[in-house]
Amino acid sequence: MVKDLTEGAPGKVLRQFTVPMFVSVIFQQLYNIADSIIAGRFAGEDALAAVGASYPITMIFMAIAVGSNIGCSVVISNLFGAKKYKEMKTAVYTTLLTAFVLSLILTAAGLAGTKALMVMIRTPENIFADGALYLRIYIGGFTFLFLYNAATGIFSALGDSKTPLYFLIASSLGNIVLDYLFVAVLHRCVAGVAWATFIAQGIACILALLTMKRRLDEVRTEGKNVLFSWEMLRRISQIAIPSILQQSFVSVGNIFIQGLVNSYGSSVIAGYSAAVKLNTFAITSFTTLGNGISNFTAQNLGAGKSGRIREGFRAGIQLAMLVVVCFFAVFFLFSGGVIRLFMGAESTVALSTGVIFLRVVSPFYFVISVKLIADGVLRGAGAMKQFMVSTFTDLVLRVALAFVLSGWLESIGIWLSWPVGWSVAAVMSVLFYLGLKKEWKAA
């Protein structure tokens, strides 16, 4: 069902809307983590390292899908809040057609450049073949990933955060079962991990598109709907392109960092792979809350109710802090236990690497979560220039400091770059948000 986010107490409305989104991301990240746990436990440390080595490259493709999701979601939310349902449907159809064509182009480019990408990040020879195989299968399913993320963004824009949750739960559980079947039972190793994701994502994509079509048919409009509009594509692109660039540049930065990590050998790669999957779990959770704020902001701006956004921001910070406390407690206090889920006791170097990473970055979740909530308001308000400046500052600092500090402190120096980049960027995002708040008060 669609939901109007412009009515009711902002804090309550936002909680009802974002909690299903948050639960969705928990299941999404659980099956990502399950990939690595099953690979490490049943196929060995090198298999875990192979999946991890290709992870930053897969995140570039994910970044494009997520950035497009954000772009379409903001525009559709705004049109829905303004009750311009005919234009809203045009935005939906334009998004899906564009996503389909773009995904085919990117799939072809990715398959052609797989080996070159693995060479670029200095993948060790002992895990190169498995890493490249995993990457090829993952890229082969990119159209499913792209369209599924577009559908998720559309559901969220219509105020429906529960339908994506149901698909994520089914897809995640199916992926975990397939992971175990292909790797532990059929011994397909790294290829089995990739095929499990491919199949689960494909089924979820098809079911999501069919459900979305039925949901759109329930929104009555007069006359024939326009299936594609260049003007609507332009409007979506104004939000989507900066979001894609932001997500992509972060992923590119992570590729440089992965190349640096890869120079320390497969044991450090395996430890980093486990820890960064857990870190991504936390960051994605905070980002999801920020995406909920984006939809809330866009709908309320479309309805001319900017005053509600300030209350929504405060509610978003409160929700984020509750989530942060949980992640910090687990990752800082029980870092050894969670890293051991991915590997055996004999992997001492990998275990130590993962524990140190988590203990360095997890205290700063309190900082990065505030930035991501503020970024949600910036995106929803269309303040993409400010959003990009803050994000690129974080990226540049993290990459530059990783190379500088690793020269003195080796791998620990890489991990220390995260807190510095997050802290500086968080201050910038909050200042940009306060500037917008002043503009709304003056209006």
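A few points on the structure. Numbering of residues begins from 1 in every chain and follows the order in which that chain's sequence is written. Restriction of local features to residues with pLDDT of at least 70 applies here, the model being predicted, together with a cutoff of 80 or more for giving and counting side-chain atom pairs; totals for whole chains, interfaces and linings are based on all residues. Just so you know, side-chain values use all the structure's heavy atoms and leave hydrogens and water out.

## Examining the packing of helix H4 (residues 85–112) against helix H7 (residues 142–157)
Geometrically, a packed helix pair is captured by the angle between its two axes and the distance between the axes. In this analysis an axis means a line fitted to C-alpha atoms, helices contributing only their contacting stretch, and an angle means the value between N-to-C directions, from 0 to 180 degrees. Working definition: helices are DSSP H or I runs of at least four residues, strands are E runs of at least two. Numbering for both runs from the N terminus. The interhelical angle for the contact between H4 and H7, taken along N-to-C directions, is 155°, at an axis separation of 9 Å. With respect to H7, the element H4 is oriented roughly antiparallel. Where H4 crosses over H7, the handedness of that crossing is right-handed. Contacts from Val-92, Thr-95, Leu-96, Ala-99, Phe-100, Leu-102, Ser-103, Leu-104, Leu-106 and Thr-107 of H4 reach H7 at Phe-142, Thr-143, Phe-146, Leu-147, Ala-150 and Ile-154. Asp, Glu, Lys and Arg are counted as charged, while Ala, Val, Leu, Ile, Met, Phe, Trp, Tyr, Cys and Pro are counted as nonpolar; the rest, among them Gly, fall into the polar class. Taken together, the residues of the contact of H4 with H7 break down into 12 nonpolar, 4 polar and no charged. Working rule for angles: under 35 degrees goes down as roughly parallel, over 145 as roughly antiparallel, 65 to 115 as roughly perpendicular, anything else as oblique. Helix crossings get a hand from a simple test, with the near helix turned counterclockwise from the far one by less than a right angle marking a left-handed crossing and a clockwise turn marking a right-handed one. Any pair of residues with heavy atoms lying within 4.5 Å of one another is described as a contacting pair.

## Quick notes on a nonpolar patch on the surface
A contiguous nonpolar patch, built from Trp-195, Ile-199, Ile-203, Ile-206, Leu-207 and Leu-210 and spanning about 560 Å² of accessible area, is present on the exposed surface. Considering the arrangement of structural elements, one finds Ile-206 in helix H9 (residues 189–217). Relative accessibility under 20% of the residue-type maximum defines a buried residue, over 50% an exposed one, and the middle range a partly exposed one, all with a 1.4 Å probe and only protein chains included. On the basis of relative accessibility, which here comes to 46%, the residue Ile-206 falls in the partly exposed class. Candidates for patches are residues over 30% relative accessible area with no salt bridge; among them, like charges are joined within 9 Å and nonpolar side chains (Val, Leu, Ile, Met, Phe, Trp, Tyr) within 5 Å. To measure how exposed things are, a 1.4 Å probe is used in the Shrake-Rupley method; for residues, cover is taken only from the protein chains shown. A carboxyl oxygen of Asp or Glu within 4 Å of a side-chain nitrogen of Lys or Arg is what we treat as a salt bridge.

## Regarding the pattern of salt bridges
Scanning all chains against the criterion turns up 4 salt bridges. In this structure, Glu-87 engages Arg-235 in a salt bridge whose closest nitrogen and oxygen atoms are separated by 3.5 Å. Of the two residues, Glu-87 is situated in helix H4 and Arg-235 in helix H10 (residues 230–262); the sequence distance between them amounts to 148 residues. With a relative accessible area of 35%, Glu-87 lands in the partly exposed category. A salt bridge links Glu-231 to Arg-234, with the shortest nitrogen-to-oxygen separation between them at 2.5 Å. In this pair, Glu-231 and Arg-234 both sit in helix H10, 3 residues apart, roughly one turn of the helix. Looking at Glu-231, the relative accessible area reads 43%, which means it is partly exposed. For Arg-234, a relative accessible area of 41% puts it in the partly exposed group.

## Section: the nonpolar core
The term nonpolar core refers to a set of buried residues drawn from Ala, Val, Leu, Ile, Met, Phe, Trp, Tyr and Cys, joined through side-chain atoms within 4.5 Å. Counting 133 residues, the largest nonpolar core has Ile-76, Phe-286, Ile-339, Tyr-365 and Trp-418 as the members making the most contacts within it. Take this core: its biggest share by element is 16 residues, from helix H11 (residues 266–302).

## Here we look at empty space enclosed by the protein
Buried and open spaces are told apart on a 1 Å grid over the protein atoms alone, a cavity being a set of points where a 1.4 Å probe fits but cannot get out and a pocket being an open set with protein on both sides within 12 Å along at least five of seven lines. Residues with an atom within 4 Å of a point are the lining residues. Grid points are joined across faces, edges and corners, and a volume is the space filled by probe spheres set on the points. Counted under the stated rule, the structure contains 2 cavities of 30 Å³ or more. Considering only enclosed or pocket space, the second largest cavity measures out at about 60 Å³ in volume. If you go around the second largest cavity, the residues you meet are Ile-137, Tyr-138, Gly-141, Leu-145, Thr-197, Phe-198 and Gln-201. Those elements that provide at least two residues to the lining of the second largest cavity are helix H6 (125–140) and H9. No other element matches the 3 residues that H9 contributes to the lining of the second largest cavity. When grouped by side-chain class, the residues that make up the lining of the second largest cavity number 4 nonpolar, 3 polar and no charged.

## So, the packing of aromatic side chains
Here the aromatic set is Phe, Tyr and Trp, taking the six-membered ring for Trp, and pairing holds for ring centres within 6.5 Å; pairs whose planes are under 30 degrees apart are stacked, those over 60 apart are edge-to-face, and all others are tilted. Under the counting rule described, the total for this entry stands at 18 aromatic pairs. Ring geometry for Phe-328 versus Phe-332: centroids 5.3 Å apart, planes at 20°, classification stacked. Here Phe-328 pairs with Phe-332, and both are found in helix H12 (residues 307–333), just 4 residues apart, close to one helical turn. On the basis of relative accessible area, Phe-328 is assigned to the partly exposed category, the value being 23%. The class for Phe-332 is partly exposed, based on a relative accessible area of 30%.

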